[in-house]
Every structure is written in C-alpha cells, then in structure tokens.
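# Structural overview
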Amino acid sequence: MKFLLVFDFDHTIVDENSDTWIVKCAPEKKLPNGLRNSYQPGHWTEYMGRVFVYLGDNGIKEDEMKRTMTTIPFTAGMVDLLGFIGENKELFDCIIVSDSNTVFIDWILKAADFHKVFDEVFTNPATFSSTGYLTVQNFHAHHCEKCPKNLCKRKVLKEFLDKQLEQGVSYTQIVYIGDGGNDLCPVMFLKKDDTAMPRQGYTLEKKISQLAQDLSPVECSVLAWSSAIDIMSYLKLLIKE
C-alpha cells in the first residue's frame, strides 16, 4: 500500500507566490510599470526572465535573493504536515509540480530541512549565469490547450506515473494538493479512487465547483482544505484504512 502525494508549491506549500516574493529584493521593493505591464497571459516564465534581468541589472546578487526567499512563510499547518509525511515516507511518495523554479524551491525546502520529504520536484529549471544573473527556462513543451505554454501538470503527472509503473510501482491512491487554475488539468486526469484537495476559497476549488454545476464533475473525490492540518487528518485516516 503506497500513496502518491502531489503538491503544488506557491499558495499551497508556501503561503505566497515565490515569483512575486522575489520583488522584495528590487529597488524600493517594486518593479517599474513598463516591466510589470509586460506580462502576457500564458507566458509567465518569459516575464520572470525579464524580472531576473532587472534584478541583475540593479546589482542584486544570489546571496541577497536567497536571504529574501528563505523568509517566505509556509502555509498554516504545512510544517506539521511535511514533518508527518517525512516520518511516514514508507507509505508516501511525494512530488512537487510547480510553475515556480528549481532555485527558489530548492532554497526554501533546504532552509527548512524539508527537501528529503520530496522524491522529485518538477518545475522550471533555473540557474545563475556566469555574470550572476538568475535565468529560467520553460519546463517542457506540450500540446495542451488548457495550460500555460511552459507547463502542463497533467503531462508531468502522467509521465511520472508511467515511469513508476515501468519500475513496478503503482499507487493505492493519488492525493493532489493545490490551489491554482493550472492545477485543474491534472485533477481532471485523476480517477475515482483518487482525491483532489483544493485550497478553500482559491481558483482550483472554484473551478471544480463550476464543473459540478455544469454537470461535468471531476471523477475523483474532492476535499477542500484551509489549513494543512486538514490534509494531515485526511492522510492519517488513509493510512488507518
């Protein structure tokens, strides 16, 4: 009996958007209007690339960015939840699928000593260039109409499950924990034995509700959470069964 826990990162593990949190490093803690207004829907990664160039041009170095990022708050109850999962790793495989980037997630998890809780992190690859600028690439290419062009979380989940199956690993249940619009695509891929856990009051919960109203509900069970303690209670029930 093994369960797969799939986590989003921003507004799920941490209680903020890590990409907008980095703006605290910028001069006067804000971006110029021209840069801020340059975002085009579906092209967030390119926009963040421009933000990182602006920070680099203003002499913001890696250590300062790291100091800022590691002050980002975890969501209520999340520290307890990740501790609980860490103590029960024989029952839980745990992955992150996020539209953030490898550098930010790595910094935040390592600073709190939670990096060992997660088996894999799927997110946009980032690295510091030889000139000290942070650069970020799209995670992959895909053909999904519903998702931003750099990341379809359903594709990531499906490929991970296929790879696990090739190695003889299958899961009793998948629990998907997220908050955003881009979490709907993978949730619609879940089967009736699986559980979607949308954060209460956030876009994912609203979109799942809308599907039910439109008489095309998702196939999996749905259990909303407001504190990660709610998630922990559910996982404790699961492993009792």
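Before any of the text, the structure's been laid out above.
The structure displayed is predicted, hence computed values, not measured ones.

## So, the pairing of strand β2 (residues 92-101)
Burial within β2 is extensive, with 10 of its 10 residues counted as buried. Burial of the side chains of β2 extends over both faces: F92, C94, I96, S98 and S100 are buried on one face and D93, I95, V97, D99 and N101 on the other. Relative to strand β3 (residues 120-124), β2 runs parallel, the two sharing four bridges. Bridging from a neighbouring strand, V97 pairs with F122 of β3. Considered for its hand, the β-α-β crossover made up of β2, helix α6 (residues 102-111) and β3 is right-handed.

## Quick notes on the sheet that holds strand β7 (residues 195-198)
The strand order across the open sheet formed by six strands is β3-β2-β1-β6-β7-β8, and the pairing between neighbours is parallel. Each end of this open sheet is capped by a strand with a single partner; those strands are β3 and β8 (221-222). Pairing of strand β1 (residues 3-7) with β2 involves five bridges; the strand directions are parallel. Bridge pairing in β2 places L4 opposite D93. Running at roughly 150° to β1, helix α5 (residues 78-87) makes contact with β1 and β2 of the sheet.

## As for helix α4 (residues 62-69)
Those residues of α4 lying buried are M65, T68 and M69. Buried residues along α4 cover an arc of 95° about the axis, so they all sit on one side. Considering only its buried residues, α4 is in contact with α1 (18-21), α3 (44-57), α6, β4 (126-128) and β5 (134-136).

## What about α3?
Across its 14 residues, α3 extends 20 Å between first and last C-alpha, which sits within 8% of the 20 Å expected from 1.5 Å per residue. Among the residues of α3, those classed as buried are T45, Y47, M48, V51, F52, L55 and G56. Where α3 ends, the next residue or the one after it, G59, has phi of about 75°, a positive value.

## Notes on the side chain of K89
Following the sequence through the fold, K89 ends up in the loop between α5 and β2. A polar contact is formed between the side chain of K89 and the side chain of D119, at a distance of 2.7 Å. K89 has contacts with K2, C94, K116, V117 and D119, leaving out every residue within four places of it along the chain.

## Describing the nonpolar core
Judged by nonpolar contacts, the single largest core of 54 residues is most densely connected at F7, M65, I85 and L235. By size, the runner-up hydrophobic cluster in this structure holds 23 residues, among which are V156, F160, Y171 and F189.

## Points about the environment of I60
Examined against the element boundaries, I60 turns out to sit in the loop between α3 and α4. A C-alpha to C-alpha distance of 7.0 Å links I60 and C25, two positions 35 residues apart in sequence.

## Quick notes on the packing of aromatic side chains
Within this structure, the stated rule accounts for 12 aromatic pairs. Look at F3 and F92: their rings are 6.0 Å apart centre to centre, the planes differ by 40°, and that puts the pair in the tilted class. In this pair, F3 sits in strand β1 while F92 sits in strand β2, placing the two residues 89 residues apart along the sequence. Accessibility classification places F3 together with F92 in one group, the buried group. Between F7 and F118, the aromatic rings sit 5.8 Å apart at their centres with planes inclined by 85°, giving edge-to-face as the arrangement. Placement of F7 in strand β1 and of F118 in the loop between α6 and β3 is noted, with a sequence separation of 111 residues between them. What makes F7 buried here is its relative accessible area of 0%. We classify F118 as buried; its relative accessible area is 7%.

What counts and how
Residues numbered from 1 in each chain as written. Predicted model: local features only at pLDDT ≥ 70, side-chain atom pairs only at ≥ 80, totals over all residues. Heavy atoms only, no water. Buried < 20%, exposed > 50% of the residue type's maximum accessible area, 1.4 Å probe, protein only. Helix = DSSP H or I, 4+ residues; strand = E, 2+ residues; numbered from the N terminus. Pairing = 2+ DSSP bridges. Right-handed = clockwise from strand over helix to strand, strands pointing away. Contact = heavy atoms within 4.5 Å. Axes fitted to C-alpha atoms, helices over the stretch in contact; angles between N-to-C directions. Arc of directions from axis to C-beta. Expected span 1.5 Å × (residues − 1). Polar contact = N/O pair within 3.5 Å; in protein donor to acceptor, adjacent residues only side chain to side chain. Core = buried A, V, L, I, M, F, W, Y, C linked by side-chain atoms within 4.5 Å. Phe/Tyr/Trp six-rings, centres within 6.5 Å; stacked < 30°, edge-to-face > 60°.

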